[in-house]
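Topology and contacts: notes
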Amino acid sequence: MEHLIKNRLEWFVESHNLLSSSQFGFRKGRSTMDSLGIFTTDIRVAFSEHESVVAAFLDVKAAYDNVQLPILRKKLIQCNVPPRLRDLIIRVLSDRLISFRGNDHSIAPSRSIWKGLPQGSVLSPLLFNIYTADLQSACNRVNVLQYADDILLYSCNKSIPSAADLLSRTLESLNNWLELHGFELSPSKSNIVVFSRKLSIPAINVTLKNQIIPVKPHIKFLGLTLDSRLTGQAHCEYIVTKCERNINILRCLAGVWWGAHPFSLKLLYNAIIRSLLDYGSFLLEPANVSALQSLNRIQSKALRIVTGTMRSSPINALQVECVDPPLDLRRQFLSDRYLFRTFQFSLHPISPKITLLNDSYNRSRFWANQSPPCLVISFRRFKSIKDPMFHSPNLPMFDHSYPVTILQPRVLLNFGSAKGDICAKNHLQFALGENWKGWHTLFSDASKFSPVGCVGVGTYHSQYGIVQKAKCPPESSVFAGECMGILKCLEYCRVARLKRSLIFSDSKSVLQSFLSDPFSSKLHNPLIFLIKEEIAISYRRDCEIVLAWIPSHSGIPGNEIADHTAKQAVACGDKIPFKNCAFDLLSLPKKYLYNSWNARWHVSSRTKAKNYGLLQPDIGQKPWFYKLFLSKRATSTIIRMRLNHCLSLVHLSKMHYRDTSLCECGLNVVTLNHIFLNCPRLNHSHLYSGLIFQKIPLPTHMPSLLTPNPSVFRILSNFIKINNLKL
């Protein structure tokens, strides 16, 4: 029941923009990165203007437990929440009973609760946001950021004492507002941090209830440790300490020759180490170089444990082998994803701040010897996109009426034929003749030939033989093209006044998205809701619309015509007035990442890891050991051989660990070619037979065998196991 109330109330307050623009907690499309991004951007802009920032990080005592229900009711009335919904919420929260159970299992008498929101309720965070929606009005002279009950006030000024005085006065006003609403600030648990470029910071006194709030050199805010000069040193030290403990988990699960499979370890590394390295790190650049180097060492150490490689292995090759990009490129990737997702909101407060930061970078001498922040680079990449982006004040689901938002049209995912059905054409014709007589059948499809090409959209009306060709910009995905095809069919049905229409699409993912709950789904594509809106219009006109899935490339005439039309539309389709959505633009950061990484790899492999560069000229999408479950010893050995840093006598003598590189057989030096192809002391029968079966001509050499090939790697794994090799 609370989920039902929460969905309706959330749609109501978000669609009417009733929540504070400074509140980012427990709201769809908002996150801690918004608060951190706004705050750090304001600090950098202040540094560019030779200003300082005085910030107060406030602690509210038992915020949820002290919500006054009569005041909450007034807030709901002010928001024009429907009376029945409002009264139901208040009745659910009123007259709740609590009891205490002792260690001797005795139960104390129940007591009635007259205030507070229940902890753990899905409704409580939303009600708290409504309760504090006008908190910003008490702090209109300074900047305010909220994340649930975490409150940040800060003031920018060239004079630190002036900023501190303004902050003190605002704190008194905020405290009065909080006391009227049943809250209380804790001065001892609140902190002041002065962010400034000045060498000497004057002593300041920011008071609350006649108590001085302590001033600290750094603070942990929403998981990110911010120091007074925004160098990132304190945060990196904290992350390194935390990651060192988690690296011990990897050490316990695997050694060089034993333990979990490297890909399983890679997944664990992503979860418990890389997630810590990623969180908020792009907001700290440009940061202290030595601090960022400490994070690079954590990545190197973890990847060596994951793969079981030697310490002498070049890190640039190890990153390519594990498909784990350098951290500086990954920070830029995270920044791109964040900004491309954020810019879909037309009223998001960070948009003008990023524009101001970009202008400051271009004209301020502060940035003369510094690289641009990640957000500035992301902003410039976003501005370079030619086609416009879809903008709305909130997520697309809040731009439509509630019935349209929750509308689930009739979707048939089983229309009598399955994928690979050789008789799909006959089954479809039989189903249409049996159950769908008198219905108009329309087919839609989308096609894209290259990443830089447009998306072609084709539709076909089988009764009238009418086709439509359209194309979307290159940034669009095939998913968007499939949605646009269905939307074009619906618009055609409305214009032609078709009473009963059956629309076929070969995209099951698009059709399944209509059946998902928009309040629990992470897919917020505006085209989905535009299609729902068009279907709702058809329903109001007593027109029946059914969407159905059919397998692609199965000889169904209508689908083949729509597919052929879509391919033609890539070149000659009508350029429809289309706006890119954030869902599609999120594919661009990955493209930028791989382009930058490949360019760096092509340069670095000429001087470092030359042999590996010949084996792996380009970076793959996944590690070669993804879903290739060889033994841990075999996988680690093959990785070592590919990196050309293994326990062969040639390599050990080069590293001055051995005096000679001659094999005990006395025929040659111990190279990988000698071990795997020539040494008479080892059993090569299975290796030779396996290579012959794979049609690999003999004689061969190891570099050709170490290029990614699952079948050859299985043969090498078997040879390593038979001869008990540990390289």
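Here is a short report on the structure shown in this document. (Residues numbered from 1 in each chain as written. Predicted model: local features only at pLDDT ≥ 70, side-chain atom pairs only at ≥ 80, totals over all residues. Heavy atoms only, no water.)

**Notes on the overall build of the protein**
Just so we agree on the cut-off: Here a helix means four or more residues in a row that DSSP labels H or I, a strand means two or more in a row labelled E, and each is numbered from the N terminus. The cut-offs for exposure are 20% and 50% of the maximum accessible area for each residue type, with area from a 1.4 Å probe on protein chains only; residues under the lower value are buried, those over the upper are exposed, and the others partly exposed. By the convention used here, residues are in contact when the closest approach between their heavy atoms is within 4.5 Å. Residue exposure ignores everything except the shown protein chains as possible cover, and the areas themselves are Shrake-Rupley values with a 1.4 Å probe.
When helices and strands are counted, the protein shows 28 helices and 17 strands. Taking the principal axes of the C-alpha coordinates as reference, the protein spans close to 90 × 80 × 70 Å. Among the 727 residues that make up the protein, the fraction classed as buried is 55%. A fraction of 73% describes how many contacts in the protein between residues 6 or more apart in sequence connect residues 24 or more apart. For the protein, the accessible area works out to roughly 33000 Å², and carbon and sulfur atoms hold 54% of it.

**Digging into helix α23 (residues 632-643)**
In an α-helix there are 3.6 residues to a turn, and that puts residues three or four apart on one side. Put simply, the rule is: A helix is expected to reach a length of 1.5 Å times the quantity of its residues less one.
With 12 residues, α23 ought to run about 16 Å at 1.5 Å a step, and its terminal C-alpha atoms sit 17 Å apart, in line with that. Among the 12 residues that make up α23, 11 are buried, leaving the element largely enclosed by the rest of the structure. Within α23 the residues assigned to the buried category are K632, A634, T635, S636, T637, I638, I639, R640, M641, R642 and L643. Where α23 ends, the next residue or the one after it, N644, has phi of about 65°, a positive value.

**What about the packing of aromatic side chains?**
Selection rule: Aromatic pairs are defined between Phe, Tyr and Trp rings, using the six-membered ring for Trp, whenever the two ring centres lie within 6.5 Å; interplanar angles under 30 degrees are classed as stacked, those over 60 as edge-to-face, and all others as tilted. A ring is considered to have a charge above it if a Lys NZ or an Arg CZ atom is located within 6 Å of its centre and within 35 degrees of its normal.
The final tally for this structure, using the stated rule, is 29 aromatic pairs. Ring centres of F26 and Y147 lie 6.3 Å apart, and the angle between their planes is 35°; this geometry places the pair in the tilted category. Placement of the pair is F26 in the loop between α1 (2-15) and α2 (32-48) and Y147 in strand β4 (residues 143-147), with a sequence separation of 121 residues. The class for F26 is partly exposed, based on a relative accessible area of 48%. For the ring pair F366 and W367, a centre distance of 4.9 Å and an interplane angle of 80° mean the geometry is edge-to-face. Residues F366 and W367 agree in their burial class; the two are buried. Counting every residue linked through ring pairs, the aromatic cluster contains F39, F57, Y154, F195 and F221. The residue whose ring lies beneath R30 is F345, and the NZ or CZ to ring-centre distance is 4.6 Å. Lying across the ring of Y626, K622 places its NZ or CZ 4.8 Å from the centre.

**Describing the pattern of salt bridges**
Two side chains with opposite charge may pair up if their charged atoms get near one another. Our working definition: Any Lys or Arg side-chain nitrogen located within 4 Å of an Asp or Glu carboxyl oxygen qualifies as a salt bridge.
By the definition in use, this model includes 21 salt bridges. One salt bridge in this structure joins E49 and R363, with 2.8 Å as the shortest N-O distance. Here R363 lies in helix α12 (residues 350-363) and E49 lies in the loop between α2 and β1 (52-58), a separation of 314 residues in the sequence. Residue classification places R363 among the exposed residues on the basis of a relative accessible area of 52%. A salt bridge links D336 to R381; the nearest nitrogen and oxygen atoms lie 2.5 Å apart.

**Quick notes on the nonpolar core**
Put simply, the test is: Only buried residues count toward a nonpolar core. Its members are Ala, Val, Leu, Ile, Met, Phe, Trp, Tyr and Cys residues joined through side-chain atoms within 4.5 Å.
The biggest cluster of nonpolar side chains holds 118 residues, and the ones touching the most others in it are F39, F195, I273 and F676. Setting aside chain neighbours within four positions, we find F676 in contact with M641, H684, L687, M702, L716, F719, I720, L725 and L727. F12, F128, L153 and V194 belong to the second-largest nonpolar core, a separate cluster that totals 62 residues.

**Here's the deal with the environment of I722**
Looking at the element boundaries, I722 is found in helix α28 (residues 710-722). Separated by 671 residues in the primary sequence, I722 and E51 place their C-alpha atoms 70 Å from one another. The residues contacting I722, other than those within four sequence positions of it, are N683 and H686.

**Overview of unusual backbone geometry**
With an omega of 0°, the peptide bond running from E285 to P286 counts as cis. Of note, P286 is situated in the loop between α8 (262-278) and α9 (289-307). Of note, R497 is a non-glycine position whose phi angle comes to about 55°, a positive value. In the Ramachandran plot, N724 falls in the positive-phi region, its phi being about 55° despite a non-glycine side chain. Topologically, N724 is positioned in the segment after α28.

**A look at the packing of α23 against α28**
Applicable threshold: In this description, a line fitted to the C-alpha atoms serves as the axis of each element, helices being fitted only across the stretch in contact, and the angle between N-to-C directions of two axes falls anywhere from 0 to 180 degrees. An angle counts as roughly parallel when it lies under 35 degrees, as roughly antiparallel when it exceeds 145, as roughly perpendicular when it falls between 65 and 115, and as oblique in every other case. Each crossing gets its handedness from the near helix: less than a right angle anticlockwise from the far helix is left-handed, clockwise is right-handed.
It is the contact of α23 with α28, at a shortest axis distance of 9 Å, that shows an interaxial angle of 110°. In terms of orientation, α23 lies roughly perpendicular with respect to α28. As α23 runs across α28, the sense of the crossing is right-handed. Contacts between α23 and α28 pair R633, A634, T637, I638 and R642 from the former with F713, L716, S717, I720 and K721 from the latter.

**With respect to the sheet that holds strand β6 (residues 191-195)**
Rules: When DSSP finds two or more bridges between a pair of strands, those strands are recorded as paired.
Strand order in the open sheet formed by 4 strands is β4-β5-β1-β6, and the pairing between neighbours is antiparallel. Only two strands of the sheet have a single neighbouring strand rather than two, namely β4 and β6. On average, adjacent strands in this sheet sit at an angle of 20° to one another, irrespective of strand direction. Pairing of β1 with strand β5 (residues 150-157) involves 7 bridges; the strand directions are antiparallel. Bridge pairing in β5 links L58 to I151.

**Examining the side chain of S20**
Definition in use: Here a polar contact is recorded for every N or O atom pair within 3.5 Å, except that within protein the pair must consist of a potential hydrogen donor and a potential acceptor, and residues adjacent in sequence are included only if both atoms are side-chain atoms.
For S20, the location among the structural elements is in the loop between α1 and α2. A polar contact of 2.8 Å, which involves the side chain of S20, links it to the side chain of S22.

**Section: the pairing of strand β14 (residues 466-472)**
Of the pairings in the sheet, the one linking strand β13 (residues 455-461) to β14 comprises 7 bridges and is antiparallel in character. Counted as the bridge partner of H461 is I466 from β14. Where β13 hands over to β14, the hairpin turn is made up of 4 residues, of which G465 adopts a positive phi near 70°. In terms of strand pairing, β14 meets strand β17 (residues 574-575) through 2 bridges, oriented parallel. Directly across from K471, in β17, lies its bridge partner K575.

**Structural notes on the sheet that holds strand β15 (residues 500-505)**
By definition, the strands of a sheet pair up through backbone hydrogen bonds, in either a parallel or an antiparallel sense. The mixed open sheet is built from 7 strands, whose spatial order is β11-β16-β15-β12-β13-β14-β17. A strand with exactly one partner marks an edge of an open sheet, and here the two such strands are β11 (410-412) and β17. Bridge count for β11 against strand β16 (residues 544-549) is 3 bridges, and the pairing is parallel. Looking across to β16, one finds that L412 is bridged to A548. In this fold helix α19 (residues 557-572) packs onto β12 (440-447), β13, β14 and β17, with an angle of close to 45° to the strand it touches most, β12.

**Things to note about the packing of helix α10 (residues 315-322) against helix α21 (residues 588-604)**
Relative placement of two packed helices is described by the angle separating their axes and the distance separating the axes. What counts here: In the scheme used here, Gly and all other residues not listed as nonpolar or charged are polar, with Ala, Val, Leu, Ile, Met, Phe, Trp, Tyr, Cys and Pro taken as nonpolar and Asp, Glu, Lys and Arg as charged.
The geometry of α10 relative to α21 is characterised by a closest axis approach of 11 Å and an angle of 140° between their N-to-C directions. Between α10 and α21, the crossing angle belongs to the class labelled oblique. α10 and α21 meet at a crossing whose hand is left-handed. Contact residues: α10 offers N316, A317, Q319 and V320, while α21 offers W597, W601 and S604. Across the contact of α10 with α21, the residue classes tally to 4 nonpolar, 3 polar and no charged.

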